[in-house]
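Take a look at the letters that make up each chain.
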Amino acid sequence: MLEALLAELSQHSPRTTPLPSASQAAVAVIVVPDPDRLLLIQRAERAGDPWSGHLALPGGRRDPQDTDLAMTAMRETLEETGIAITPRDLAAQLDDLEPQTRTLPTVVVRPFLFLLAQALEPVASPEVDAAFWVHLADLSRPAARASRAIRLGDTMREVHGYQLERGFLWG
């Protein structure tokens, strides 16, 4: 499964959206082989955080000291999970994502795919309640695909995602 994904991405030219650095964010899609797994976090519960408690990829907003968005993804991963990824681990850049919601500020999220040789043990920071590996096979099961209403700020929104053992992954 992972080999096929990497082969397809090697032919992909990512779509990018230029925005001021204050509106940029990055996430790290970190995968490992044998068995193929993906690193996820569960965000800590915090008042005023519209994504409080949600499952997510490690990542966040670009800081002024970040030389580029790949550095943002690497820095945020280290801060949130204790796992140090490097440019050497970078396998691909994916298409920019532009979440559309009236209640949250405009942001463009750039995903980066990182490939590690083996799963490292994550250590959750105060920003996250948990960091864990999920099998890619669990995400590819048709029964895992689901929709649900979630609260974002003051509004409810129907989103599509994956129902996993630890919770709902969307976005």
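Refer to the structure printed above.
Numbering of residues starts from 1 in every chain and runs along the sequence as written. The predicted nature of this model means local features are confined to residues of pLDDT at least 70 and side-chain atom pairs, given and counted, to a pLDDT of 80 or more, with totals for whole chains, interfaces and linings taken over all residues. With hydrogens and water excluded, all non-hydrogen atoms of the structure serve as input to the side-chain values.

Digging into the environment of Leu 152
Formally: Strands are runs of DSSP state E lasting at least two residues, helices are runs of H or I lasting at least four, and both sets are numbered from the N terminus onward. When accessible area is computed with a 1.4 Å probe and restricted to protein chains, residues below 20% of their type maximum are described as buried, those above 50% as exposed, and intermediate ones as partly exposed.
In this structure, Leu 152 sits in strand S8 (residues 145-152). Taking the relative accessible area as the measure of exposure, Leu 152 reaches 2% and is therefore buried.

So, helix H2 (residues 69-81)
Filter applied, for reference: Expected helix span is computed as 1.5 Å times (number of residues minus one). Any two residues having at least one pair of non-hydrogen atoms within 4.5 Å are treated as being in contact. As used in this structure description, the phrase polar contact means that two N or O atoms lie within 3.5 Å; if the pair is within protein, one of them must be able to donate a hydrogen and the other to accept it, and residues adjacent in sequence are counted only when both atoms belong to side chains.
For H2, which comprises 13 residues, the first-to-last C-alpha distance of 18 Å matches the rise-based estimate of 18 Å (1.5 Å per residue) to within 8%. Of all the 13 residues making up H2, ten are buried; the element is thus mostly covered by neighbouring parts of the structure. Of the residues making up H2, those classed as buried are Leu 69, Ala 70, Thr 72, Ala 73, Met 74, Arg 75, Glu 76, Thr 77, Glu 80 and Thr 81. Residues of H2 that are buried make contact with strand S1 (24-32), strand S2 (37-43), strand S4 (59-61), strand S6 (108-115) and strand S7 (128-135). Of the residues flanking the start of H2, the one acting as N-cap is Asp 68, its side-chain oxygen 3.2 Å from the backbone nitrogen of Ala 70.

Regarding the nonpolar core
Note that soluble globular proteins tend to have their nonpolar side chains buried in a common cluster. The test is simple: As used in this record, nonpolar core signifies buried Ala, Val, Leu, Ile, Met, Phe, Trp, Tyr and Cys residues forming a set joined through side-chain atoms within 4.5 Å.
Core analysis: the biggest nonpolar cluster contains 16 residues, and Leu 38, Leu 40, Leu 113, Leu 139, Leu 164 and Leu 169 have the highest contact counts within it. Listed by contribution, the elements that provide at least two residues to this core are helix H1 (2-9), S1, S2, S7 and helix H3 (136-140). It is S7 that provides the largest number of residues to this core, a total of three residues. Setting aside chain neighbours within four positions, we find Leu 164 in contact with Leu 40, Leu 55, Val 134, Leu 139 and Leu 169. Counting 15 residues, the second-largest nonpolar core is a separate cluster that includes Ala 28, Ala 73, Ile 85 and Leu 116.

Points about the packing of aromatic side chains
How two aromatic rings sit relative to each other is given by the distance of their centres and the angle of their planes. Inclusion rule: The criterion for an aromatic pair is that two Phe, Tyr or Trp rings (for Trp, the six-membered ring) have centres within 6.5 Å, with stacked assigned to planes under 30 degrees apart, edge-to-face to planes over 60 apart and tilted to the rest. Throughout this description, the term charge over a ring refers to an Arg CZ or Lys NZ atom that lies within 6 Å of the ring centre and within 35 degrees of the ring normal.
Applying the stated criterion to the full structure yields zero aromatic pairs. One residue, Arg 166, lies across the ring of Phe 132, its end atom 4.2 Å from the ring centre.

Quick notes on the side chain of Thr 17
Locating Thr 17 in the fold gives a position in the loop between H1 and S1. Here Arg 15 takes part through its side chain, which lies 3.2 Å from a polar atom of the side chain of Thr 17. Beyond its immediate stretch of four places on either side in the chain, Thr 17 contacts Asp 96, Glu 98, Val 108 and Arg 110.

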